[in-house]
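Tertiary structure, described
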Amino acid sequence: MRRLTTFMLLSLAIAGCGSRQGAASPGETPIPPRVSAPATLLPDGTVPWVDEKAGEREIQVPNPVQPGRRDAPACKAGQLTVSMKDWQQLPTTDSETGKGIPGAGMIGTVQARNSSGSDCTLQGEVPARLLVEGQVQPLGYSHTVNDAARQRVTPVGTGASAELRLDWSAPYCGSRTGTQQVELTLPHNGGTLRVPVRRPRWPNCTRSELHPELASYLSSGAFDVPGFTPPMNSPLNKLKVKLEPGRPARAGQRYIYRIDVINPTGTAVPLNPCPGYSQERFSMGDADHQAVNDFTLYRLNCRPVHQVPAHGQIRFEMVTQIPSGITGRSFAVTWKMHARNVNAGLWAETHFTVL
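Remember, it's a predicted structure, so these values are computed and weren't measured experimentally. (Residues numbered from 1 in each chain as written. Predicted model: local features only at pLDDT ≥ 70, side-chain atom pairs only at ≥ 80, totals over all residues. Heavy atoms only, no water.)

1. Let's talk about the overall build of the chain
When helices and strands are counted, the chain shows three helices and 21 strands. Among the 355 residues that make up the chain, the fraction classed as buried is 42%. Considering only contacts in the chain between residues 6 or more positions apart, those separated by 24 or more positions represent 79%. For the chain, the exposed area adds up to about 18500 Å²; of that, 52% sits on carbon and sulfur atoms. (Helix = DSSP H or I, 4+ residues; strand = E, 2+ residues; numbered from the N terminus. Buried < 20%, exposed > 50% of the residue type's maximum accessible area, 1.4 Å probe, protein only. Contact = heavy atoms within 4.5 Å. Areas by Shrake-Rupley, 256 points an atom, 1.4 Å probe, with all protein chains shown as cover.)

Structure representation (structure tokens):
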């Protein structure tokens, strides 16, 4: 039987435990100060690189403010109207081939709307059980809640909603027909709710010869504000990027390369506000050296340029430091543009190997 790598299920479950709120509160994550640099071009017209770090708050669209008082009392079951659309199957990977295969686990989201006339709050662990045709299923039940999620207070104003993430792991070999409900016990003696699953689905009944002890678990998180997807309507989405490799460099040296930002349209694209970019550096470790795996946000140097002309391009100089001690190992860099309302897909990304 093929071996399954389930790290994606675990990592997504952990990711669902923390806060999903986009921008940090004022003062929580300071924005780096702006670096003083001249608004000049290099002799060949390239925009020079400036070592200027950026903060995530500069490139993220803040979540809408969640309605409700943070000092309101804990929500009671009678105040909430709950629903759950379906289960989404998580992909897994065959560890021998590296190819994706059908998922072995499911993820679900409970929506809880405050249908009462007063604000309330949700905080803490939310025990959950699965019912099929009204009968509690003999699953393992656990929490995917870290300290930050456990302490997080989610205000739920009148008419506002909160979300709860559930993870259901394989192998599930029980009943695969009938109505499904998820029974939730609200924190702070809030009572019990039964949430109907409108479109029931089931994890795979996949037994592992290597791990016969694996059992199906339903893991619940803590309530959080609903996820927010900002509109991807920035003019920057019209651009393309292209890598111009630099001269060879050795371990311990700076590697200088260039990124061409290309505008294929007939309308100039303003660089206001100036976008940012990331450099992600990676090198495998070995018995004698630690791995390199870091991610840094920078501001693009827009001092000498303010737009990408129609049917034109701007070349930006870029610099990355090759760590010392990298010998006999590859060193790779991923460059990606970041900005508010930008869909930073493949058009805004380039990946290359230096060593």
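Having put the structure on the table, let's press on.
2. Things to note about the environment of glutamine 307
Within the element layout of this structure, glutamine 307 appears in strand 18 (residues 307-308). Each C-alpha atom, one on glutamine 307 and one on leucine 271, is 4.9 Å from the other, the two residues being 36 residues apart in sequence. Discounting chain neighbours no more than four positions away, the residues touching glutamine 307 are Ala268, Val269, Pro270, Leu271 and Ile314.

3. Some details on the sheet that holds strand 16 (residues 276-283)
The strands that make up a sheet are held in pairs by hydrogen bonds between backbone atoms, and each pair lies either parallel or antiparallel. Taken together, four strands build an open sheet; the order of strands is 17-16-20-21 and the sheet is antiparallel. Edge strands, defined here as strands with exactly one partner in the open sheet, are strand 17 (292-299) and strand 21 (349-353). Neighbour to neighbour, the strand axes of the sheet diverge by 15° on average, direction disregarded. As paired strands, strand 20 (residues 332-338) and strand 21 are joined by five bridges and run antiparallel to one another. Across the sheet, valine 333 pairs through a bridge with phenylalanine 352, a residue of strand 21. (Pairing = 2+ DSSP bridges. Axes fitted to C-alpha atoms, helices over the stretch in contact; angles between N-to-C directions.)

4. With respect to the environment of proline 200
Inspection of the secondary structure puts proline 200 in the loop between strand 11 (191-199) and strand 12 (217-220). Between the C-alpha atoms of proline 200 and threonine 179, which are 21 residues apart in sequence, the distance is 7.0 Å.

5. A closer look at the state of the cysteines
Under the criterion given, the structure shown has three disulfides. Each disulfide pairs two cysteine sulfurs, and for cysteine 173 the partner residue is cysteine 205, the sulfurs being separated by 1.8 Å. Across the disulfide from cysteine 173 to cysteine 205, rotation about the S-S bond amounts to roughly 95°, and the bridge is consequently right-handed. Within this pair, whereas cysteine 173 is found in the loop between strand 9 (161-169) and strand 10 (180-186), its partner cysteine 205 is found in the loop between strand 11 and strand 12, the two being separated by 32 residues in sequence. Note on cysteine connectivity: cysteine 274 is disulfide-linked to cysteine 302, with sulfurs 2.0 Å apart. An S-S torsion of about 70° defines the bridge between cysteine 274 and cysteine 302 as right-handed. Of this pair, cysteine 274 sits in the loop between strand 15 (269-270) and strand 16 while cysteine 302 sits in the loop between strand 17 and strand 18, and the two are 28 residues apart along the sequence. On the basis of relative accessible area, cysteine 274 is assigned to the partly exposed category, the value being 33%. Residue cysteine 302 is classed as buried on the basis of its relative accessible area, which comes to 10%. Cysteine pairing for the chain (bonded cysteines numbered in sequence order): 1-2, 3-4, 5-6. (Disulfide = S-S within 2.5 Å.)

6. With respect to the nonpolar core
One broad rule of soluble globular proteins: the nonpolar side chains tend to lie buried together. Counting 35 residues, the largest nonpolar core has Tyr257, Ile259, Val261, Leu271, Phe316, Met318 and Trp335 as the members making the most contacts within it. Of all the secondary structure elements, the ones that give two or more residues to this core are strand 13 (240-244), strand 14 (254-262), strand 17, strand 19 (313-321) and strand 20. Contact partners of leucine 271, with chain neighbours within four places excluded, come to Leu236, Cys302, Val305, His306, Gln307, Val308, Ile314 and Phe316. Ranked by size, the runner-up nonpolar core spans 32 residues in total, among them Leu80, Cys120, Leu122 and Leu164. (Core = buried A, V, L, I, M, F, W, Y, C linked by side-chain atoms within 4.5 Å.)

7. Some remarks on the sheet that holds strand 19
Reading across the sheet, the three strands line up as 13-14-19 and stay open at both edges, with antiparallel pairing between neighbours. The two strands at the open ends of the sheet, each matched to only one other strand, are strand 13 and strand 19. On average, each strand axis in the sheet is inclined to that of its neighbour by 30°, with strand direction left out of account. When strand 13 meets strand 14, the two strands line up antiparallel, connected through five bridges. Looking at the pairing, lysine 240 lines up with isoleucine 262 of strand 14.

8. Some details on the pattern of salt bridges
Close approach of charged atoms allows side chains with opposite charge to pair. The final tally for this structure, using the stated rule, is 17 salt bridges. One salt bridge connects arginine 129 with glutamate 183, and the closest N-O pair in it is separated by 2.7 Å. A residue pair is termed long-range when its members are at least 10 positions apart, and arginine 129 in strand 5 (residues 128-132) and glutamate 183 in strand 10 qualify at 54 residues. Judged by its relative accessible area of 36%, arginine 129 falls in the partly exposed class. Of the residues examined, glutamate 183 reaches a relative accessible area of 11% and is grouped as buried. The salt bridge partner of glutamate 244 is arginine 315, with a shortest N-O separation of 3.8 Å. Of the two residues, glutamate 244 sits in strand 13 while arginine 315 sits in strand 19, which places them 71 residues apart along the sequence. Take arginine 315: its relative accessible area is 28%, and that puts it in the partly exposed class. (Salt bridge = Lys/Arg side-chain N within 4 Å of Asp/Glu carboxyl O.)

9. Thoughts on the environment of glutamate 349
Inspection of the secondary structure assignment puts glutamate 349 in strand 21. Glutamate 349 sits 15 residues away from threonine 334 along the chain, and the two C-alpha atoms are 7.2 Å apart. If near-sequence neighbours (up to four positions away) are discounted, glutamate 349 is found in contact with Val241, Thr334, Trp335 and Lys336. Side chain to side chain, glutamate 349 and lysine 336 meet in a polar contact 3.3 Å long. (Polar contact = N/O pair within 3.5 Å; in protein donor to acceptor, adjacent residues only side chain to side chain.)

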